[in-house]
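Structural features, examined
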Amino acid sequence: MSRIASTFARLSGSNRKALIPFFTVGDPLLESAVPTMQALVSGGADILELGIPFSDPMADGPTIQRASERALQNGVTLTDVLAVVAEFRQTDDVTPVVLMGYANPIERLGLDVFAAQARTAGVDGVLVVDYPPLEGQLLKAALTRVGIDTILLLSPTTTEQRMREIAQLATGYLYYVSLRGVTGAGHLEVDAVATQVGRIRSYAKVPVGVGFGIRDGATARRLSEIADAVVVGSRLVEEIEASAPTEVTRRAEALMRQFRHAMDGAQ
C-alpha cells in the first residue's frame, strides 16, 4: 500500500480527515524547506504538497505567484525540489509528499527521467495543473510505472461526463478546486462545495480533498465534515511571507496546529 493510501486508511480508522498544507520550495530560502516540512508535520499535517517554482503559475493568485518569484530569484529548480524531498526522507519515511506544479519544468527534464528521479527521492504523488487529464496520459504512464500517484483536479465547472472520466483516471486522491478563479480568490460557499463533493464521490475510487479559499479553522472544520482532506495553501504561504526567515518554522507549525485542532473538533 502506498504512503498516500496508508495515510487515508489510518485517518479513516480514527474518523479523522487529512490536513494537507502547500508551500513553494525555495520560499523564503531553499534551506528552510526541509525544516518547514518537518514543522508542518509536527503541527499535524498528514500529507505535504510542495510547489515547484514556475515563472507563469496561471492557476495561482498573487500570494503564490510572489512565492514562486522569490523561489526563482533564489535559483530554485525542479532538481532542487527533488533534492529537498530526498533530504526530508532521511528523517521521515512515513509522511506522503506530493509535488504540485506546471508541465514545463517536467517536460524540460523529460517525463521518464522526472518519474525515475521523483521515485528515487521519495515522492508519492504528482499534480500538474496545466495537463488536461486525458492529454497527460504519457506522464501518468511514466508515474504509474514507478508507483507514483497521479493527483487530478476537478472544479465547479467540470461537467458530469468529464467528472466521471477524471474520477476513473485519478490515483492517490482527487483535488476539488472549490472556487472559480485562482488560488486565494473569492468567497467559499460550503453548501455548494458539499453538493459537488457528493457528486464526485458517486464516481470516485479514491478520497476527495478540497482546496482553494480555506483561510481559517472554522472553514476547515466545516469542510472536514464533507471531504476526506482539506488543502491549505495561500493562507500558509501568506504566513511564510509575513515571517522573518528565522520565524518561518515556528509560525508554520503554529498555523497547522490551529487547523488541526479545528478539524479534529469536528470529528
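1. Some remarks on the packing of helix α3 (residues 62-73) against helix α11 (residues 234-241)
The geometry of a pair of packed helices is captured by two quantities: the angle between their axes and the separation between those axes. It is at 9 Å that the axes of α3 and α11 come closest, and there the two elements cross at 50 degrees. Here α3 is positioned oblique relative to α11, judged by the angle of their axes. For the element pair α3 and α11, the recorded crossing hand is left-handed. For the pair α3 and α11, contact is made by T63, I64, R66, A67 and R70 and by S234, V237, E238 and E241, respectively. Classifying every residue of the contact of α3 with α11 by side-chain character gives 3 nonpolar, 2 polar and 4 charged.

2. Quick notes on the side chain of S155
You can see S155 is positioned in the loop between β6 (152-154) and α8 (160-169). A distance of 3.0 Å separates polar atoms of two side chains, one belonging to S155 and the other to T157.

3. Comments concerning helix α9 (residues 190-201)
Taking 1.5 Å per residue, 12 residues should reach 16 Å; α9 reaches 16 Å between its end C-alpha atoms and fits that length. If you check which residues of α9 are buried, you get V190, V193, Q196, V197 and I200. Buried residues of α9 fall within an arc of 120 degrees about the axis and therefore sit on the same side. Among the exposed residues of α9, those oriented more than 90 degrees off its buried face are D191 and T195. Tucked into the core, α9 has its buried residues touching β6, α8, β7 (174-177), β8 (208-211) and α10 (217-224).

4. Some remarks on α11
An α-helical turn contains 3.6 residues, so a residue and the one three or four places further along point in the same direction. Taken as a whole, α11 has its buried residues at S234, L236, V237, E239 and I240. Looking at the buried side of α11, the elements it contacts are β1 (18-24), α2 (33-42), α3, β9 (229-232) and α12 (248-264).

5. Section: the pattern of salt bridges
On inspection of all chains with the given rule, the structure shows 19 salt bridges. With a shortest N-O distance of 3.9 Å, R222 and D191 are connected by a salt bridge. Residue R222 is located in helix α10, and its partner D191 is located in helix α9; the two are separated by 31 residues in the primary sequence. As a salt-bridge pair, R250 and E247 come within 2.5 Å of each other at their nearest N and O atoms.

6. With respect to the packing of α2 against α12
At a minimum axis distance of 8 Å, the contact between α2 and α12 shows a crossing angle of 25 degrees. In terms of orientation, α2 and α12 fall into the roughly parallel class. Relative to α12, α2 is oriented so that their crossing is right-handed. Here P35, T36, A39, L40 and S42 of α2 come into contact with α12, specifically with V248, T249, A252, E253, M256 and R257. Of the residues in the contact of α2 with α12, the class split is 6 nonpolar, 3 polar and 2 charged.

7. Notes on unusual backbone geometry
Each neighbour pair has its own omega, and for D27 with P28 the value is 5 degrees, a cis peptide bond. Among the secondary structure elements, P28 is positioned in the loop between β1 and α2. Phi is positive for N15, close to 55 degrees, though the residue is something other than glycine. Among the secondary structure elements, N15 is positioned in the loop between α1 (3-13) and β1.

8. Re the packing of aromatic side chains
Evaluated as defined, the whole model comprises 3 aromatic pairs. Note on F54 and Y102: the rings are 5.3 Å apart at their centroids and 25 degrees apart in plane angle, and the pair reads as stacked. With F54 in the loop between β2 (48-51) and α3 and Y102 in the loop between β3 (97-101) and α5 (103-109), this residue pair connects regions lying 48 residues apart in the sequence. Ring geometry for Y175 versus F212: centroids 6.2 Å apart, planes at 90 degrees, classification edge-to-face. Linking Y175 in strand β7 with F212 in the loop between β8 and α10, this pair joins segments that are 37 residues apart in sequence.

Procedures and definitions
Each chain carries its own residue numbering, running from 1 in the direction its sequence is written. A pLDDT threshold of at least 70 governs which residues receive local features in this predicted model, and a stricter bar of 80 or more applies before side-chain atom pairs are shown or counted, although totals over entire chains, interfaces and linings include all residues. By convention in this description, side-chain values take in all heavy atoms of the structure and omit both hydrogens and water. Under this scheme, a helix contributes an axis fitted over its contacting stretch, all axes are lines through C-alpha atoms, and angles between N-to-C directions fall in the 0 to 180 degree range. Strands are runs of DSSP state E lasting at least 2 residues, helices are runs of H or I lasting at least 4, and numbering of each runs from the N terminus. Any angle from 65 to 115 degrees is called roughly perpendicular, while one under 35 is roughly parallel, one over 145 is roughly antiparallel, and all others are oblique. By convention the crossing between two helices is left-handed if the near helix lies anticlockwise of the far one by an angle smaller than a right angle, and right-handed if it lies clockwise. The contact rule is simple, with two residues in contact once any of their heavy atoms fall within 4.5 Å. Any residue outside Ala, Val, Leu, Ile, Met, Phe, Trp, Tyr, Cys, Pro, Asp, Glu, Lys and Arg is labelled polar, Gly included; the first ten of those are nonpolar and the last four are charged. Residues adjacent in sequence count toward polar contacts only when both atoms are side-chain atoms; beyond that, a polar contact is any pair of N or O atoms within 3.5 Å, and within protein one must be able to donate a hydrogen and the other to accept it. By this rule, a helix spans an expected 1.5 Å times one less than how many residues it contains. Residue exposure (1.4 Å probe, protein chains only): buried if accessible area is under 20% of the type maximum, exposed if over 50%, otherwise partly exposed. When we speak of the arc, we mean the arc of directions from the helix axis to the C-beta atoms. The salt bridge criterion pairs a side-chain nitrogen of Lys or Arg with a carboxyl oxygen of Asp or Glu, the two atoms within 4 Å. Pairs were defined over the aromatic rings of Phe, Tyr and Trp, the Trp ring being its six-membered one, requiring ring centres within 6.5 Å. Orientation was assigned from the angle between planes: stacked under 30 degrees, edge-to-face over 60, tilted for the rest.

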